[in-house]
Amino acid sequence: MKNKINFKLVNLALLTFILYLIYKSGHLWTGITSKVLQIAMPFIVAFVIAYALYPFLKYLESKKIPKPLAVFIIVAILIGLLSFVVFLVVPLLFNQTVDLLKTSIKYVKEVSESGKYDLGPIQDTLTHGLNDVLMNAGKYISHGAINLINISMSVFAKVFLCLTAAIYFLIDMESIRRETKKYLKRKSNKTFRYVKTLDDEMRSYFSGFVKIMFISLFEYSIIYTIIGHPNALLLGFMAMIMQLIPYFGGMFTNVVAAITALVVSPALFIRTVITFCILSVIDGNVIGPLVYGKTNNVKPVVVIISITAGGILFGIPGIIASFPIAIILIATYKFYKDDISDKIEDIKDGK
């Protein structure tokens, strides 16, 4: 009787039935998953921050700096950067954002009045965007300090929780890695080597990503200031944040720079176009290879496909996570490539 039962078909039927039940009860699982993610997300973000900062901690320790002092230095730098952004950069960015929207509206209006193009809908969208920015700012001011304090306390609580958890994770990262290493070695030597491969890839990515962000901030801010662009600091921070989106992020920053420069003067527009062409060449052929080296060498077409898929499936979080996920998938394929090939051959041979 056992020889007559096709257990592969039975398992496939059971799997199909389970997937059907999950699909039919999707609303229930979606709600539960959403709540779990809301609770776990600060700790996930904290762990990612600690994981990204761990190489810098090891670097400081390699310079004979005691671990408590090294952690204090890293935390002090983080708090200093957050304070700098909140108290100095945010007001300036707000003013430059308003100026950016105003100049964009002015440019669209001039093009529309020339009679060549009908850009009325774009002008209306930009005008509504500017009005929303000003109305929201005015609303927070008009409602007094209570709303501002409530919003600030909510944001502060989340940032404080995330930062505190990140500090604890960073302090314990050595023991976390050591215990994980012991567990994986007991489980399987190949599994340990696979996780180590992913660890090397992700440490290289995070380390390079942090460096690239700060290099972009200073590079774009300084160079656009030199050529006289009125939104230099905003463009610097935009270039820094847009590093989350490979290729498209830098392209978007340069397009914004060109549009705002064209509104100011044709001469500034020409200088801006020349500048971002030079920056693109330097970033792609000098800074990127120097920071990342031969690691995380993902082909542009793979990045574009992963960004598109991530955006369609999960929106902005999917776009941000698409590149590291692509790195993980490529590393996984390379590690198990021989096993996959052997399995395909076995299937072809009917085994």
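Here the residue numbers are simple positions, counted from 1 along each chain's written sequence. Per-residue local features of the predicted model are confined to residues with pLDDT of at least 70, and side-chain atom pairs are confined, for both listing and counting, to 80 or more; whole-chain, interface and lining totals are unaffected and use all residues. Note: side-chain values were computed over all heavy atoms of the structure, leaving out hydrogens and water.

**Points about the pattern of salt bridges**
In what follows, salt bridge is the name for a side-chain nitrogen of Lys or Arg lying within 4 Å of a carboxyl oxygen of Asp or Glu. Taken as a whole and assessed by the stated rule, the structure comprises 6 salt bridges. K58 is the partner of E174 in a salt bridge, and the nearest nitrogen-oxygen pair spans 3.5 Å. Of this pair, E174 sits in helix 5 (residues 145-187) while K58 sits in helix 2 (residues 26-62), and the two are 116 residues apart along the sequence. Across the salt bridge formed by K196 and D200, the nearest N and O atoms sit 3.4 Å from each other. Within this pair, K196 and its partner D200 are both found in helix 6 (residues 189-226), separated by 4 residues, close to a single helical turn. Under the relative-accessibility criterion, K196 is labelled partly exposed at 41%. Each of the salt bridges in this network shares a partner with another, and the network as a whole consists of R177, K196, D199, D200 and R203. Only DSSP runs of H or I reaching four residues or more are called helices, and only runs of E reaching two or more are called strands; each is numbered from the N terminus. Relative accessibility thresholds used throughout: buried, under 20% of the residue-type maximum; exposed, over 50%; partly exposed, between the two (1.4 Å probe, protein chains only).

**A look at the confidence of the model for the chain**
When pLDDT is averaged along the chain, the result is 74, and 68% of the positions lie at 70 or above. Per residue, pLDDT measures the predictor's confidence, with a range of 0 to 100. Element-level pLDDT for the chain is lowest in helix 4 (residues 120-142), with a mean of 53, against a maximum mean of 85 in helix 6. Long-range and interchain partners of residues 138-149, a stretch whose pLDDT sits below 50, account for 1 contact in this model, where long-range means more than four residues apart. By the convention used here, residues are in contact when the closest approach between their heavy atoms is within 4.5 Å.

**Topic: the side chain of T253**
Tracing the sequence through the fold places T253 in helix 8 (residues 248-264). Residue classification places T253 among the buried residues on the basis of a relative accessible area of 0%. Residues contacting T253, with those up to four places away along its chain left out, are Y220, L235, M238, A239 and M242.

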